[in-house]
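This is what each chain is made of:
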Amino acid sequence: KRSNGSDDVMKVTLISVGTLSQKAYADAFSEYAKRFSAHGILECAEIREKKIDASPSEAQIAAALDFEGDAILSKIPPRAFVFAMAIEGKSMTSEAFASLLDRKMTEGVPEFCFVIGSSFGLSDKVKRRADALLSMSPMTFPHQLARVMLAEQLYRASQILSGGKYHK
C-alpha cells in the first residue's frame, strides 16, 4: 500500500478545453482509457471553448483564456497534483513520466489532474495553479490528438509500473 492509502490504482482527472469531435480521435482515446482502466480511474471534464473571432486581437485571446481558465480551475480536484500541458513545460521519457507518477503516489498524492488548453494555450492562472508544466514535444499537435497521446502515455506508465509487456 502507498501512503495515500491506495494500492497501485492511479486516479486521474483529465480536463480539456473543447470536445473530441472527430471519431478517430474519440475512438483512440476510448481505447487507451479502457486499457488504463485495468490500473486506474480516468475521469474527463470538457470545458467549453470560448468562441472568438477568426483573427482575434490579443485582448480577445486574453479574455478567452481568462474565461476558460476560470472554468478549468473550478474542475480541478482540490488535492490533486496538477500537470498543465504546455509547450514550455518539461518533456520527459515515458520511463521518467512513470517514475514521477510512482514517486508522487508513494509520497501520498491522492490523484492527478492533467489540463489541456485550447489552441491558444492556457491562462497564466492555470499555469500558476499547476504543480508541474509538462510538454509532450516542442512540436505542435491538434488538441484532440494531444488528448489521445496523453491517454496513451498514462496507459504506458501503468504498464511500466506494473511490469507489463506493452512498453517493451
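See the structure shown above.
The structure reproduced in this document is the subject of the present report. Small disclaimer: the values here were computed from a predicted structure and weren't measured. (Residues numbered from 1 in each chain as written. Predicted model: local features only at pLDDT ≥ 70, side-chain atom pairs only at ≥ 80, totals over all residues. Heavy atoms only, no water.)

In this model helix H2 (residues 58-75) runs 26 Å from its N-terminal to its C-terminal C-alpha over 18 residues, within 8% of the 26 Å that 1.5 Å per residue would give. Taken together, the buried residues of H2 touch strand S1 (10-17), strand S2 (40-47), strand S4 (112-116) and helix H4 (124-129). (Helix = DSSP H or I, 4+ residues; strand = E, 2+ residues; numbered from the N terminus. Expected span 1.5 Å × (residues − 1). Contact = heavy atoms within 4.5 Å.)

The strand order across the open sheet formed by five strands is S2-S1-S4-S3-S5, and the pairing between neighbours is parallel. Strands with a single pairing partner mark the edges of an open sheet, and in this sheet they are S2 and strand S5 (132-134). Neighbour-to-neighbour, the strand axes of the sheet open up by a mean angle of 30 degrees, direction not taken into account. The strands touched by H2 are S1, S2 and S4; relative to S2, the strand with the most contacts, the crossing angle is about 150 degrees. (Pairing = 2+ DSSP bridges. Axes fitted to C-alpha atoms, helices over the stretch in contact; angles between N-to-C directions.)

Next up on the list: the pairing of S4. Of all five residues making up S4, five are buried, and the element is well covered by its neighbours. The alternating pattern of S4 places Phe-112, Phe-114 and Ile-116 on one face and Cys-113 and Val-115 on the opposite face, and all of these are buried. The pairing of S1 with S4 spans five bridges and is parallel. In the sheet register, Ser-16 faces S4, and the bridge partner there is Ile-116. (Buried < 20%, exposed > 50% of the residue type's maximum accessible area, 1.4 Å probe, protein only.)

Within the largest apolar cluster, 29 residues are counted, with the highest numbers of intra-cluster contacts made by Leu-101, Phe-112, Phe-114 and Leu-154. Secondary structure elements with two or more residues in this core: S1, helix H1 (23-36), strand S3 (81-90), helix H3 (94-106), S4 and helix H5 (143-162). At seven residues, the largest contribution of residues to this core is made by H5. Residues in contact with Phe-114, not counting those within four places in the same chain, are Val-12, Thr-13, Leu-14, Ile-15, Phe-83, Met-85, Phe-97, Leu-101, Leu-134, Leu-150 and Leu-154. (Core = buried A, V, L, I, M, F, W, Y, C linked by side-chain atoms within 4.5 Å.)

Before going further, it helps to examine the packing of aromatic side chains. For any pair of aromatic rings, the description consists of the separation of the ring centres together with the inter-plane angle of the planes. Within the structure shown, the criterion is met by eight aromatic pairs. Residues Phe-97 and Phe-114 carry aromatic rings whose centres are separated by 6.0 Å and whose planes lie at 65 degrees to one another, so their mutual orientation is edge-to-face. Residue Phe-97 is found in helix H3, and its partner Phe-114 is found in strand S4; the two are separated by 17 residues along the sequence. For the pair Phe-97 and Phe-114, a shared accessibility class is recorded, and that class is buried. Within the aromatic cluster, the residues linked to one another by ring pairs are Phe-81, Phe-83, Phe-97, Phe-112 and Phe-114. In this structure, Lys-50 is placed above the aromatic ring of Phe-67, and the distance from its NZ or CZ to the ring centre is 5.0 Å. (Phe/Tyr/Trp six-rings, centres within 6.5 Å; stacked < 30°, edge-to-face > 60°. Lys NZ or Arg CZ within 6 Å of the ring centre and 35° of its normal.)

The interhelical angle for the contact between H3 and H5, taken along N-to-C directions, is 75 degrees, at an axis separation of 9 Å. By the angle between their axes, H3 is roughly perpendicular relative to H5. Facing Ser-94, Glu-95, Phe-97, Ala-98, Leu-101, Asp-102 and Met-105 of H3, the residues of H5 in contact are Gln-153, Leu-154, Arg-156, Ala-157, Ile-160 and Leu-161. Of the residues contributing to the contact of H3 with H5, the split by class is eight nonpolar, two polar and three charged. (Parallel < 35°, antiparallel > 145°, perpendicular 65-115°, else oblique. Nonpolar A, V, L, I, M, F, W, Y, C, P; charged D, E, K, R; others polar.)

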